[in-house]
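As a plain string of letters, each chain reads:
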Amino acid sequence: MTLRPFGAVSSLERLNFAPMSNNRTELEELGEFGLIKRLTENNKAVNPSTLYAVGDDAAVIDAGDGMVKVVTTDMLMEGIHFDLSYSPLLHLGYKAVVVNLSDVYAMNAIPKQVTVSIALSNRFSLEAVEELYHGIYKACTVYGVDLVGGDTTSSLSGLALSITAVGEAKKEDVVYRKNAQEKDLLVVSGDLGGAYMGLQVLEREKKVFKETSGVQPKLEGNDYILERQLKPEARKDIIEMLEQLGVKPSSMIDISDGLASEVLHLTDQSGLGSVVYEEKIPIDPTTFERAREFHLDPTVCALSGGEDYELLFTVSQDDYEKIKGNPNMTVIGYMVDKASGNHLIDKREQAHPLTAQGWDPILKKEED
Ligand code: ADP
Ligand code: MG
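Conventions used here
Residues numbered from 1 in each chain as written. Chains lettered and ligands numbered in written order. Predicted model: local features only at pLDDT ≥ 70, side-chain atom pairs only at ≥ 80, totals over all residues. Heavy atoms only, no water. Buried < 20%, exposed > 50% of the residue type's maximum accessible area, 1.4 Å probe, protein only. Helix = DSSP H or I, 4+ residues; strand = E, 2+ residues; numbered from the N terminus. Pairing = 2+ DSSP bridges. Phe/Tyr/Trp six-rings, centres within 6.5 Å; stacked < 30°, edge-to-face > 60°. Lys NZ or Arg CZ within 6 Å of the ring centre and 35° of its normal. Donors = N, O, S within 2.8 Å, 3.2 Å for Na, K, Ca; no water. Expected span 1.5 Å × (residues − 1). Contact = heavy atoms within 4.5 Å. pLDDT = per-residue confidence, 0-100. Axes fitted to C-alpha atoms, helices over the stretch in contact; angles between N-to-C directions. Left-handed = near helix turned anticlockwise from the far one by under 90°. Nonpolar A, V, L, I, M, F, W, Y, C, P; charged D, E, K, R; others polar.

1. Quick look at the pairing of strand E9 (residues 272–277)
Remark: a regular strand shows side chains that alternate across the two faces of the sheet.
Then, number 1: Burial analysis of E9 places 5 of its 6 residues in the buried class, which makes it a mostly covered element.
Then, number 2: Relative to strand E11 (residues 329–337), E9 runs antiparallel, the two being bridged by 5 bridges. Bridged to Val 275 within E11 is Tyr 334.
Then, number 3: Bridge count between E9 and strand E12 (residues 342–345): 4 bridges; the pairing is parallel. Paired with Val 276 across the strands is Leu 344, a residue of E12.

Here's what the structure looks like:
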């Protein structure tokens, strides 16, 4: 049964969308990015202070005196983004803040405030929610941000956590996804694929635990990748380092959905193509070993795993000397013209089209 809204609502005009037909389009046909595009393609800002709306890691709002605010929001749903059977609430609170701050740093801005909205079912006790908040406050302390508000409501289906982060930057310092130039170097911070392998280990141990009652999980030797999954950090240090080095990236994004997906966002929005060298992709030895153990290709884990929260950025070749040999940054390729497309050069020097099989929550359900 469909409830029809009352008359008052009928005065709402449907401005932007195609007339509603009797067709039913499944959301999975569009995927997450297709859906966002569809919902926002006719979005027009009416306020001059809205400098940049949808499409980057954060929106950019004029704050006067040559300053801007950046605003970003991320929502985590139980059963989709986290599993409380192996994600401690303390870590979850920390991670929920960090993933938002990562988007602020990806604009080359400094996070200052967060709001926290939670939906709770009666499964959660006060002590449990306080544990979550310990994690939230811990991240606020570590990154020097203030919790300034939020919302609390009930839920029929587990925990939902939505955090909004606000950051500040000089207008001229903001780095968008869209300004990469041909021949710019493609650089990544840290190493990739670890968070995904951490998740594989946790899922494996959960399965064993369920099937063999009383068996405690075997997690030794996996500290690094488990931490990458359960308690990631945002690369505040990279933003500070780039400033000290006098390097302003021409474009930047954080890696939440996997390297391939993020490279394609940069090239798409900059109207370019790219070349990425497989042998240059930084992968930690634990990630590599564990991937082999799971019969996974470590490169695929780095390209499509996601949740690493590293920064991916482009710099002019003139800046190469400044970042050369820096252990926190790896040049993995360069930008080319759009017509050349996006390619991965494998270890045998064969070129393959670079495609995004990134983590897409709308598709994920189907795969399960
Ligand atoms: P990120 O992975 O960096 O958090 P997303 O992929 O979630 O970015 O979102 C891409 C862009 O789309 C962002 O600018 C975001 O603000 C915008 N966006 C996402 N969902 C919606 C929505 N439901 N309505 C309007 N804008 C959205
Ligand atoms: Mg992002």
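Okay, back to it.
2. Things to note about the packing of aromatic side chains
Then, number 1: Applying the stated criterion across every chain yields a total of 4 aromatic pairs.
Then, number 2: Ring centres of Tyr 277 and Tyr 334 lie 6.3 Å apart, and the angle between their planes is 40°; on these two criteria the pair is classed as tilted. Separated by 57 residues along the polypeptide, Tyr 277 in strand E9 and Tyr 334 in strand E11 bring together distant segments of the chain.
Then, number 3: For Tyr 334, a relative accessible area of 30% translates into the label partly exposed.
Then, number 4: Looking at Lys 231, its charged tip hangs above the ring of Tyr 94, at a distance of 4.5 Å from the centre.

3. Quick look at the coordination of the magnesium ion (ligand 2)
Then, number 1: Protein-derived coordination of the magnesium ion (ligand 2) comes from Asp 57 (OD), Asp 103 (OD) and Asp 254 (OD), at a distance range of 2.0 to 2.1 Å.
Then, number 2: In terms of primary sequence, the donors binding the magnesium ion (ligand 2) are separated according to D-x45-D-x150-D. With Asp 57 in the loop between strand E1 (50–52) and strand E2 (59–64) and Asp 103 in helix H3 (residues 89–105), this residue pair connects regions lying 46 residues apart in the sequence. In terms of burial, Asp 57 and Asp 103 fall into one category: buried.

4. Structural notes on helix H5 (residues 194–211)
Then, number 1: Over its 18 residues, H5 extends 26 Å from the first C-alpha to the last, a length consistent with the 26 Å expected when each residue adds 1.5 Å.
Then, number 2: Burial in H5 covers these residues: Gly 194, Ala 195, Met 197, Gly 198, Gln 200, Val 201, Leu 202 and Glu 205.
Then, number 3: On its buried face, H5 sits against helix H6 (223–230), helix H9 (285–293) and helix H10 (298–304).

5. A word on the confidence of the model for the protein chain
Should the pLDDT be low somewhere, the predicted coordinates at that spot are not to be read in detail.
Then, number 1: Taken over all residues, the pLDDT of the protein chain has a mean of 92, while the share at 70 or more is 91%.
Then, number 2: A low-confidence stretch, residues 363–368 stays under pLDDT 50, and its non-local contacts, those more than four residues away or across chains, total 5 contacts.

6. Some details on the packing of H3 against helix H4 (residues 126–143)
Then, number 1: Taken N-terminus to C-terminus, the directions of H3 and H4 make an angle of 35°; their axes are 6 Å apart at the nearest point. The hand of the H3/H4 crossing is right-handed. Here Leu 89, Leu 90, Leu 92, Gly 93, Tyr 94, Val 97, Val 98, Leu 101 and Tyr 105 of H3 come into contact with H4, specifically with Ala 128, Glu 131, Leu 132, His 134, Gly 135, Ile 136, Lys 138, Ala 139, Val 142 and Tyr 143.
Then, number 2: For the contact of H3 with H4, a count of residues per class yields 14 nonpolar, 3 polar and 2 charged.

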